[in-house]
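Understanding the architecture of this molecule
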Amino acid sequence: MDSEIAYDFSPAFIIYKSGRIERLTGEAIVQSSLTPHNGVVSKDVVYSPGESLSVRVFLPEKAAKTGEKLPLLVYFHGGAFIIETPFSPTYHTFLTTAVSASDCIAVSVDYRRPPEHPIPIPYEDSWTSLKWVFNHIAGCGPENWLNKHADFSKVFVAGDSAGANITHHMTMRAAKEKLSPHLSGSGISGIILVHPYFWSKTPVDDKDTTDVTTRSRSETLWKIASPSSKDGVDDPFINVVQAESVDISGLGCGKVLVMVAELDLLVRQDWCYAAKIERSGWKGEVEVMETEGEKHVFHLKNPDSEKAHELVKKFASFIKGDM
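Chains are numbered independently. Their residues run from 1 in the order of the written sequence. At least 70 in pLDDT is required for a residue's local features to be given in this predicted model, at least 80 for side-chain atom pairs to be given and counted, and no such filter applies to totals for whole chains, interfaces and linings, which use all residues. As a rule here, side-chain values cover all heavy atoms of the structure and leave hydrogens and water aside.

An unreviewed UniProt entry lists the protein chain under the name carboxylesterase, with Brassica campestris as the source organism. Under the Function (unreviewed entry) heading, UniProt states for the protein chain: "Carboxylesterase acting on esters with varying acyl chain length." UniProt positions are given in the numbering used here, feature names are shortened, and annotations may be inferred rather than shown by experiment. Database annotation for the protein chain, UniProt heading Catalytic activity (unreviewed entry): "a carboxylic ester + H2O = an alcohol + a carboxylate + H(+)".

In structure tokens, the structure reads:
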């Protein structure tokens, strides 16, 4: 029967044995608006007509009036690949705040989600969105705000949780495949990974959790997102850190900011990710910011808290070049 539960990840989602998913959070929508909020205007633009996928573009109101060029932020939302959208109150609020603080133009990406659209579909959609963004590099793309205001010498890619995972993989791919014929390199100046979603079958170090229930639940979550992964959570999409076979020395950007939370289940993976970059021979700069006493994506759950403001301030300073 349709009421029989297969996986219960409340308060995030429930999957029934029929295959139906009930998303319990992240489905509310805030409309984009040309009326400024926190000094920022926004609009939705289709980037993949065939899949009916859009981005939400955010622009400081003052730039809309002056026509100045601004750093460009491309943002991938989190939610274990399964929940949330760029149009939810959570992400609309965060991007508005980040754009206001960073004085940048931002593109927040919608991608298809598992289980209806399993891994690797979210990655492919994300790559399509990046290529769409870089279609504007010569000032003649389909979206005028990007043509007029985006400074393609200062492109930053960021995301939280699953979106940070996507950010890593997009930056690796950009070093190998050109996002635009106008580029000589990857086209990405820097990346910000906020509480990135990496995992492995065994603890990444002696400080990582060994709780069987916790680790099993994490494996199940990845199985829902990527049912065809023959190696489970040792799939190189998710096991970026521990797997020796995963080489990240070719990361296609010049600087990396990894944000970690002390009480986050992923904190050891995230610290070890930064350490692996430094060991890899990659030539850029990596910095880690740890927030003490906080859990995973605390800044999205309590955006008005002092520590959330500190996170946004650091996020903005990275984009402004104050690293």
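After that view, the rundown keeps rolling.
1. Topic: the overall build of the protein chain
Elements are defined by DSSP. Helices are runs of H or I of four residues or more, strands are runs of E of two residues or more, and each kind is numbered from the N terminus. Across its full length, the protein chain carries nine helices and 11 strands. With C-alpha atoms as the basis for the radius of gyration, the globule rule is written as 2.2 Å multiplied by the number of residues raised to the power 0.38. For a compact globule of 323 residues, the expected C-alpha radius of gyration is about 20 Å, and the protein chain comes in at 19 Å, within 12% of that figure. Taking the principal axes of its C-alpha atoms as reference, the protein chain extends roughly 55 × 50 × 40 Å. Think of it in three bands: residues with accessible area under 20% of the maximum for their type are buried, residues over 50% are exposed, and the middle band is partly exposed, with areas taken using a 1.4 Å probe on protein chains only. Sorting the 323 residues of the protein chain into buried and exposed places 55% on the buried side. Restricting the contact set of the protein chain to residue pairs at least 6 apart, pairs at least 24 apart contribute 72%. As presented, the protein chain carries roughly 13700 Å² of accessible surface, and 50% of it is formed by carbon and sulfur atoms. We call two residues contacting when some pair of their heavy atoms lies within 4.5 Å. We get accessible surface area from the Shrake-Rupley algorithm with a probe of 1.4 Å; when it comes to residues, only the shown protein chains can shield them.

2. Considering the packing of helix 3 (residues 121-134) against helix 5 (residues 162-176)
Relative orientation and spacing of two packed helices are given, respectively, by the angle between their axes and the distance between those axes. The angle between two axes is taken between their N-to-C directions and runs from 0 to 180 degrees, where each axis is a line fitted to C-alpha atoms and a helix contributes only its stretch in contact. For the pair helix 3 and helix 5, interaxial distance at closest approach is 10 Å and the crossing angle is 60°. With respect to helix 5, the axis of helix 3 lies oblique. Considering how the two elements wind past one another, helix 3 and helix 5 form a crossing that is right-handed. Contact residues: Tyr 123, Glu 124, Ser 126, Trp 127 and Leu 130 in helix 3; Asn 165, Ile 166, His 169, Met 170, Arg 173 and Ala 174 in helix 5. Our angle categories are set so that under 35 degrees counts as roughly parallel, over 145 as roughly antiparallel, 65 to 115 as roughly perpendicular, and the remainder as oblique. Crossing handedness is defined as follows: a turn of the near helix away from the far one that is anticlockwise and smaller than a right angle gives a left-handed crossing, while the clockwise case is right-handed.

3. Describing the UniProt feature "domain: Alpha/beta hydrolase fold-3" (unreviewed entry) in the protein chain
This chain's UniProt record puts "domain: Alpha/beta hydrolase fold-3" (unreviewed entry) on residues 73-299. Measuring from the first to the last C-alpha atom of residues 73-299 gives 18 Å, for a span that is 35% helix and 17% strand.

4. Here we look at the sheet that holds strand 1 (residues 5-9)
What makes two strands pair is DSSP finding at least two bridges between them. Strands sit in the order 1-2-3 across an open sheet of three strands; the sheet is antiparallel. Two strands bound the open sheet, and with one partner strand each, they are strand 1 and strand 3 (21-23). Neighbour to neighbour, the strand axes of the sheet diverge by 10° on average, direction disregarded. Of the pairings in the sheet, the one linking strand 2 (residues 13-16) to strand 3 comprises three bridges and is antiparallel in character. Of the residues in strand 3, the one forming a bridge with Ile 14 is Glu 22.

5. A few points about the UniProt feature "active site" (unreviewed entry) in the protein chain
Following the UniProt record, the feature "active site" (unreviewed entry) maps to Ser 161 here. Mapped onto the elements, Ser 161 comes out in the loop between strand 8 (150-160) and helix 5. Taking the relative accessible area as the measure of exposure, Ser 161 reaches 7% and is therefore buried. With sequence-adjacent residues up to four places away left out, Ser 161 is seen in contact with Gly 78, Gly 79, Val 194, His 195, Pro 196, Tyr 197 and His 296.

6. Description of the environment of His 149
Along the chain, the position of His 149 falls in helix 4 (residues 144-149). Judged by relative accessible area, which is 2%, His 149 ranks as buried. Residues His 149 and Phe 76, 73 residues apart in the sequence, show an inter-C-alpha distance of 20 Å. Here His 149 is in contact with Leu 59, Ala 63, Ala 64, Gly 67, Glu 68, Lys 69, Leu 70 and Ile 105, once residues within four sequence places are set aside.

7. Re the packing of aromatic side chains
For Phe, Tyr and Trp, rings pair up if their centres lie within 6.5 Å, where Trp contributes its six-membered ring, and each pair is then called stacked (planes under 30 degrees apart), edge-to-face (over 60) or tilted (otherwise). Applying the stated criterion to the full structure yields 11 aromatic pairs. Measuring from centroid to centroid gives 4.2 Å for Tyr 123 and Phe 237, while their planes differ by 10°, and the two rings are stacked. Placement of Tyr 123 in helix 3 and of Phe 237 in the loop between helix 6 (212-225) and strand 10 (255-261) is noted, with a sequence separation of 114 residues between them. Owing to a relative accessible area of 2%, Tyr 123 belongs among the buried residues under this scheme. Within the aromatic cluster, the residues linked to one another by ring pairs are Phe 81, Tyr 123, Tyr 197, Trp 222 and Phe 237. In this structure, Lys 43 is placed above the aromatic ring of Trp 145, and the distance from its NZ or CZ to the ring centre is 4.4 Å. Cation placement over rings: the criterion is NZ of Lys or CZ of Arg within 6 Å of the ring centroid and within 35° of the ring normal. Above the ring of Phe 9, the side-chain terminus of Arg 217 is found at 4.1 Å from the ring centroid.

8. What about the pairing of strand 9 (residues 190-194)?
Counting buried positions along strand 9 gives five out of five residues, so the element sits mostly inside the fold. What you see with strand 9 is no split at all: Gly 190, Ile 192 and Val 194 on one side and Ile 191 and Leu 193 on the other are buried throughout. The sheet contact formed by strand 8 and strand 9 spans five bridges and is parallel. Paired with Ala 158 across the strands is Ile 192, a residue of strand 9. A crossover connection joins strand 8 to the parallel strand 9 through helix 5; in handedness this β-α-β unit is right-handed. When the strands point away from the viewer, a crossover counts as right-handed if the route from the first strand across the helix to the second turns clockwise. Assessed by its sense of winding, the connection that carries the chain from strand 9 through helix 6 to strand 10 is right-handed.

9. A word on the pairing of strand 1
Bridge count between strand 1 and strand 2: four bridges; the pairing is antiparallel. When the bridges of strand 2 are listed, Tyr 7 appears paired with Ile 15. In this antiparallel pair of consecutive strands, strand 1 and strand 2, the connection spans three residues.

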